[in-house]
Amino acid sequence: MNFFKEYFIGDYLRSEPDILKQASIRLIYNIVAVSACSLVIFFIIYVYKGFHYQLIKNVVILALFVAILYYIKAKKSITLVCHLLMLISWLNNNINIYLFDDFNFFIALLTVCNIIFAFHTLGNKAGILYSIAHFVPIMLHTLGKFSGVRIGSGQPQQLAFIEVVITLSLVFFIIVYLIYHYHQAFELAKINIRKSVEELKTAKELAEEMNRLKTNFLSNMSHEIRTPINGILGLSQVIEMETDSNEIKNYVKLQQRSGQRLLNTITSILDLSRIEAQGSQLKLKVIDLNNLVRESILPLEGLAKTKRLTLLFEPSSEKLQCLSDETMLYQVINNIVGNAIKFTDKGEVVIRTLMKDETHVSIVVKDTGIGISEEFMPRLFNSFEQESTGRSRSHEGSGLGLAISKKYIELLGGEILVESKKDYGSTFEILLPVYKAQ
Amino acid sequence: MRKILYVEDDPINALVMQRLLKSEFDVIHSPDGETCLLMLEKKNFGLILMDINLGKGKMDGVETMHQIKLNPETKDIRIIAVTSYALPEDRDRFLREGFDAYIPKPVERGALLKTIHQYLA
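Remember, predicted model here, so these are calculated numbers, not experimental data.

Draft legend 1. Expanded view of the overall build of chain B. Secondary structure summary: chain B contains five helices and five strands in total. The helix and strand sequence of chain B, counted from the amino end, reads β-α-β-α-β-α-β-α-β-α. Residue burial in chain B is summarised as follows: out of 121 residues, 37% are buried. Considering only residue pairs separated by 6 or more positions, chain B has 52% of its internal contacts joining residues 24 or more positions apart.

Below you can see the structure in the form of structure tokens.
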């Protein structure tokens, strides 16, 4: 028996990962194989009894079942076979019911068997469809018989004792097997699911722990770096105050600039690393955009003044609100306006807020600065990149600002658009979802 | 000269603060929270600058601040957090805890003086 099983469905079973599907494959195989064996026995009985209409049916079905086994072996699919089996069984029932006016105990059992089979192998939809298809003819026949309508021409067939025994055993076997088989598969699936849930839980806990460790680590890093830098920059300021030598004053000023730059780079790297660790920890609240923009550009006024640039804020006349993280948004606006000032040597930096469309507010930052070349544009938001052709020293910075800004704005559900013409200036536009009070 | 109490475990940073404010304030240094509370019993200070991470001390800056605010004798002294905890959310965290103001390290003399003058009783 095992030889046949391996021959027909061995490869198919090994290629199917789904336990329930595997159960269906084994089931189909067993039903078809056992039915084929039974048909052989019936064949012998019929031949012994002499020619009978059942003999033709028997031979046809036997041939079909053998073909089905080869079909499963070749195609590695059972859907079509399941439908075919349902159809054969349905036809068989209806031939018996209508042609021979016979609705008996076996047909009832087979019907139950078919319905369970359809649900398990073909799913709920097909199950319901086949249930109705089985039920309706039987009901019609019963009603017809009750009201005296004679359906079909043949006489109810008289089953031999041996036929009754075999059919009865077969049908019982199929029902028990169906339920046993699926129950086993369900148990196995249940154990697997429980195992997967456990694994997922462990993985989730591990990920959360890693995230917590990462956040802690970054926070400690930041603290441990700032403490000595306070010593360096603090003492540098003390020397600047206390020395009488202008030369030394200049040196320590340079030292402070370098220190500040180091600090900015480290802060940016930490920010960038923290984005992933705290992505889910946005502190969203309703923000008045005009106010926030005003606050974010306030610390930059000094720099603009030093560079003799006009820094202009034109707030929208209507109140613009968005649901956002204030600290993040502040940092982004501060960075983009800061860049505009940094990369503009004369002219102006204009910031505008406006209602972009029904669903978006926008902050537009327009400068008359050095602009961005087309070649550099695709790398604009990359970490540590700065367009520096021959003037690498004139624009200090880690090249992390825009990378961080982009990640922040994406986390806040918006986007940053850039338009620029080399030597004429750039326009950055921050789009954010609008907040409308209910 | 007005007296300011600076609670800080790192001696270099304590020196920096004393020297930066030398011309305007007398900065008295306390290396930990416990010493700070003892010093407050003996002397009057116009303002306290408080580091948060106080190293090996039993109390950190936040706890020390709470102790000071709980004592009716000292509860009116303004306390400014001066700390290397300078991540974006730290400012809100310390102000929520009860500090009157927050200055991140590294300190810059101008900003430092501005805040001190603003909060000095």
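Read on for the rest.
Draft legend 2. Structural detail: the sheet that holds strand β5 (residues 101–104) of chain B. Residue and element names in this part refer to chain B. Reading across from one edge, β2-β1-β3-β4-β5 is the order of the five strands in this open sheet, with parallel pairing throughout. Each edge of the open sheet is held by one strand with a lone partner, namely β2 (25–30) and β5. Strand-to-strand twist across the sheet, computed as the mean angle between neighbouring axes with direction ignored, equals 25 degrees. In terms of strand pairing, strand β4 (residues 78–83) meets β5 through four bridges, oriented parallel. The residue bridging I80 from the neighbouring strand is A101, located in β5.

Draft legend 3. View of the confidence of the model for chain A. Mean pLDDT over chain A works out to 85, with 94% of the residues at or above the 70 mark. A low-confidence stretch, residues 389–393 of chain A stays under pLDDT 50, and its non-local contacts, those more than four residues away or across chains, total zero contacts.

Draft legend 4. Region of the structure containing the packing of helix α2 (residues 19–49) of chain A against helix α3 (residues 53–75) of chain A. Residue and element names in this part refer to chain A. Interaxial distance between α2 and α3 falls to 9 Å at its minimum, and their mutual angle equals 150 degrees. The angle between the axes of α2 and α3 places the two elements in the roughly antiparallel class. Here the hand of the crossing between α2 and α3 comes out left-handed. Counted together, I28, Y29, V32, S35, A36, L39, V40, F42, F43 and Y46 of α2 and Q54, L55, N58, V59, I61, L62, F65, V66, I68, L69 and I72 of α3 form the full contact between these two elements.

Draft legend 5. Up close: the interface of chain B and chain A. Every contact between the two is made by 17 residues of chain B and, on the other side, 16 residues of chain A. With five residues, the top contributor of residues to the side of chain B that touches chain A is helix α1 (residues 11–21) of chain B. Its residues assigned to classes, the side of chain B that touches chain A comprises nine nonpolar, three polar and five charged.

Draft legend 6. Examining the pairing of strand β6 (residues 415–421) of chain A more closely. Residue and element names in this part refer to chain A. Sheet topology places β6 next to strand β7 (residues 425–433); seven bridges connect them, and they run antiparallel. Following the sheet pairing, K421 is matched in β7 by G425. Turn length for the β6-β7 hairpin, with the two strands adjacent in sequence and antiparallel, is three residues, and the turn residue D423 shows positive phi of about 75 degrees.

Draft legend 7. How the structure looks around the pairing of β4 of chain B. Taken across its six residues, β4 of chain B has five buried, putting it largely inside the fold. This β-α-β element, strand β3 (residues 47–50) of chain B to helix α3 (residues 61–70) of chain B to β4 of chain B, shows right-handed connectivity.

Draft legend 8. Structural context of the sheet that holds β6 of chain A. All names here are of chain A. Read from one edge to the other, the open sheet built from five strands follows the order β2-β4-β5-β7-β6, with strand pairing classed as mixed. In this open sheet, the two edge strands, each paired with only one partner strand, are β2 (310–314) and β6. On average, adjacent strands in this sheet sit at an angle of 10 degrees to one another, irrespective of strand direction. Sheet topology places strand β5 (residues 360–367) next to β7; seven bridges connect them, and they run antiparallel. Along β7, the bridge assignment pairs I363 with I430.

Draft legend 9. Region of interest: the nonpolar core. Residues and elements named next belong to chain A. Membership of the largest hydrophobic core comes to 33 residues, with the highest contact counts inside it found for V332, I336, V337, V349, V365 and I430. At the level of secondary structure, the elements contributing two or more residues to this core comprise α9 (289–297), α11 (326–342), β4 (348–355), β5, α12 (401–411) and β7. With eight residues, α11 is the largest single contributor of residues to this core. Residues contacting I430, with those up to four places away along its chain left out, are V332, I336, S362, I363, I409, G414 and I416.

Draft legend 10. Fine view of helix α2 (residues 33–42) of chain B. Residues and elements named next belong to chain B. For α2, every residue scored as buried is listed here: G33, C36 and L40. Viewed along the axis of α2, the buried residues span an arc of 50 degrees, placing them on a single side of the element. Exposed residues lying more than 90 degrees from the buried face of α2 are L38, E41 and K42. Those residues of α2 hidden inside the fold are in contact with β1 (2–7), β2 and α3.

Rules behind the numbers
Residues numbered from 1 in each chain as written. Chains lettered and ligands numbered in written order. Predicted model: local features only at pLDDT ≥ 70, side-chain atom pairs only at ≥ 80, totals over all residues. Helix = DSSP H or I, 4+ residues; strand = E, 2+ residues; numbered from the N terminus. Buried ≥ 20, exposed ≤ 12 C-beta atoms within 10 Å, placed from the backbone. Contact = placed C-beta atoms within 7 Å. Pairing = 2+ DSSP bridges. Axes fitted to C-alpha atoms, helices over the stretch in contact; angles between N-to-C directions. pLDDT = per-residue confidence, 0-100. Parallel < 35°, antiparallel > 145°, perpendicular 65-115°, else oblique. Left-handed = near helix turned anticlockwise from the far one by under 90°. Nonpolar A, V, L, I, M, F, W, Y, C, P; charged D, E, K, R; others polar. Right-handed = clockwise from strand over helix to strand, strands pointing away. Core = buried A, V, L, I, M, F, W, Y, C linked by C-beta atoms within 7 Å. Arc of directions from axis to C-beta.

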